[in-house]
Amino acid sequence: PRGSDRGAAEYARLEMLRAALMRGTAAGIASASALLAGHSLCTEDGARPRADSAWEFEKRMDAHPGTKRITSYNGRAEATASFQEPHSFVHSRRGEGAYEKFDVWLQPAERRTVALVQLGSSMCGHRGIVHGGATATVVDELFGWTAHRCGPDQPARIFTAYLHVDYKAPVVAGIPVVVVTGVERVEGRKIFMQSTVESLDGSTLFARAQSLFVEAATTENITEQYVGG
């Protein structure tokens, strides 16, 4: 049994979404995107503004109280030098088809970051649909940024100890999404965090994630400990 009329309608919507994605055509992807626009799962929590376009979202975030933009990869501003290095997985793949947008804002009082991210066609699994591993990489990267910026004493050497992602809806390539990442609690060298991946207007929840990051116990070269030299 499908329960209430609302539950039945939601079931029907998800069945239509699945059928649209299975077609794998441009029309199918467009249908999926339209269906997602009406898939309401998110609630207003004050973390960030709702918007109908990336431009509007950026403008509102830049004016949001207690918020500071810390990086921008939207073609209008350069990243800080420390995030232009080629060893950085996300930032070495900036550009069309890959990480097409990666803007991050810091809300230090709430120990939180808000990011505007857009993944291109080379990050897909099914045609037009972002690979789940790419979504996980984005949230993992932003957990690291948040732990560094919002953790105690801004630890520089932190590592992922645990990462869990619940996927709620497929992310469509070429469509910007909002990632809100916050510190839940700190226990010694352990930093517990949570994250959501949502649509610009907050109507669609694509994923929820939880993580545990651990600050390195030593300042020595960790690479040398495992690979030598």
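Residues numbered from 1 in each chain as written. Predicted model: local features only at pLDDT ≥ 70, side-chain atom pairs only at ≥ 80, totals over all residues. Heavy atoms only, no water.

**Quick look at the sheet that holds strand β1 (residues 68-71)**
Taken in spatial order, the seven strands line up as β1-β2-β3-β5-β6-β7-β4 in an open sheet, and their pairing is antiparallel. Sheet topology places β1 and β4 (158-167) at the edges, where each strand pairs with a single neighbour. Across the sheet, the mean angle from the axis of one strand to that of its neighbour is 25 degrees, orientation sign disregarded. Pairing between β1 and strand β2 (residues 99-107): three bridges, direction antiparallel. By the bridge assignment, T71 is partnered in β2 with V104. Packing of helix α3 (residues 54-63) onto the sheet brings it into contact with β1, β2, β3 (112-119) and β5 (177-187), and relative to β2 it is tilted by some 20 degrees. Contacting β1, β2, β3, β4, β5, β6 (190-198) and β7 (205-215), helix α4 (residues 132-150) runs over the sheet at an angle of about 135 degrees to β4. (Pairing = 2+ DSSP bridges. Helix = DSSP H or I, 4+ residues; strand = E, 2+ residues; numbered from the N terminus. Axes fitted to C-alpha atoms, helices over the stretch in contact; angles between N-to-C directions. Contact = heavy atoms within 4.5 Å.)

**Focus on the pattern of salt bridges**
For the coordinates displayed, the defined rule picks out seven salt bridges. Of the charged contacts, one joins R69 and E58 as a salt bridge, the two residues approaching to 3.3 Å between their closest N and O atoms. With R69 in strand β1 and E58 in helix α3, the pair connects residues that are 11 residues apart, well separated along the chain. We classify R69 as partly exposed; its relative accessible area is 26%. D62 serves as the salt-bridge partner of R69, at 3.0 Å between the closest nitrogen and oxygen. A residue is classified by how much of its surface remains accessible, and D62, at 43% relative accessible area, is partly exposed. Within the structure, one salt-bridge network assembled from shared partners comprises E58, D62, R69, K101 and D103. (Salt bridge = Lys/Arg side-chain N within 4 Å of Asp/Glu carboxyl O. Buried < 20%, exposed > 50% of the residue type's maximum accessible area, 1.4 Å probe, protein only.)

**Remarks on the nonpolar core**
Counting residues in each nonpolar core, the largest one holds 34 residues, and the members touching the most others are V117, L119, L142 and V179. Secondary-structure elements contributing two or more residues to this core are β2, β3, α4, β4, β5, β6 and β7. Ranked by residue count, the leading element in this core is α4, at nine residues. Of all hydrophobic cores here, the second largest spans 10 residues; its members include A54, W105, L116 and L200. (Core = buried A, V, L, I, M, F, W, Y, C linked by side-chain atoms within 4.5 Å.)

It is worth stressing that arrangement in space is one thing and function is another; only the former is reported here.
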